[in-house]
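# Close look at the chain arrangement
So you can see what is in the structure, the chains are spelled out below.
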Amino acid sequence: MLVLLDHGTPRGIARFLDGHTVKEARAQGWDTLTNGELLKAAEKAGFDVLLTTDKNLRYQQNLAGRRIAIVILGKGRWKLIKPAAAEVVAAVNAAVPGSCTLVEIADE
């Protein structure tokens, strides 16, 4: 799958996404786009999954009919996300177009 890391997503997670092509929104020149614009640009570019830390995205955007899946990380700090990397990978692997999955991340 082609996975897009939103600008708030720690890039360390890319190391765990073996078998996937991972790109960053910033590298695509999309770091200043609003959520709606980012979803449109990502879909147009053929991304399968948006990995984000923006928990409000699912409430702000109509996800029905989307060709991209969204995986939301419950926390944005790599220190907290790293121990839950297996859960993040499982969510990405299970993602289907139009789905939105929240991966809860425990506090220390």
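Let us look at the structure shown here.

With parallel pairing, the five strands of this open sheet are ordered in space as β2-β1-β3-β4-β5. The open sheet has two edge strands with one neighbour each: β2 (21-24) and β5 (100-103). Across the sheet, the mean angle from the axis of one strand to that of its neighbour is 20°, orientation sign disregarded. Where strand β1 (residues 2-5) and strand β3 (residues 49-52) come together, three bridges link them in parallel fashion. Paired with L5 across the bridge in β3 is L51. Helix-sheet contacts for helix α5 (residues 85-94) involve β1, β3, β4 (69-73) and β5, and the interaxial angle to β5 is about 175°.

Turning next to the environment of G8. One can find G8 in the loop between β1 and β2. A relative accessible area of 36% places G8 in the partly exposed class. Each C-alpha atom of the pair G8 and R26 lies 9.9 Å from the other, and the pair is 18 residues apart in sequence. Ignoring any residue separated from it by four or fewer positions in sequence, one finds G8 in contact with T53 and G76.

Once that is clear, we can look at the pattern of salt bridges. Applying the stated rule across the entire model yields three salt bridges. In this structure, D107 engages K75 in a salt bridge whose closest nitrogen and oxygen atoms are separated by 3.4 Å. With D107 in the segment after β5 and K75 in the loop between β4 and α4 (78-81), the pair connects residues that are 32 residues apart, well separated along the chain. Looking at K75, the relative accessible area reads 25%, which means it is partly exposed.

With that out of the way, let us pick up the packing of aromatic side chains. Applying the stated criterion across every chain yields a total of two aromatic pairs. Here F16 and W78 contribute two aromatic rings whose centre-to-centre distance is 6.0 Å and whose plane-to-plane angle is 50°, an arrangement assigned as tilted. With F16 in the loop between β1 and β2 and W78 in helix α4, the pair connects residues that are 62 residues apart, well separated along the chain. Its relative accessible area of 32% is what places F16 among the partly exposed residues.

Criteria and cut-off values
Residues numbered from 1 in each chain as written. Predicted model: local features only at pLDDT ≥ 70, side-chain atom pairs only at ≥ 80, totals over all residues. Heavy atoms only, no water. Pairing = 2+ DSSP bridges. Helix = DSSP H or I, 4+ residues; strand = E, 2+ residues; numbered from the N terminus. Axes fitted to C-alpha atoms, helices over the stretch in contact; angles between N-to-C directions. Contact = heavy atoms within 4.5 Å. Buried < 20%, exposed > 50% of the residue type's maximum accessible area, 1.4 Å probe, protein only. Salt bridge = Lys/Arg side-chain N within 4 Å of Asp/Glu carboxyl O. Phe/Tyr/Trp six-rings, centres within 6.5 Å; stacked < 30°, edge-to-face > 60°.

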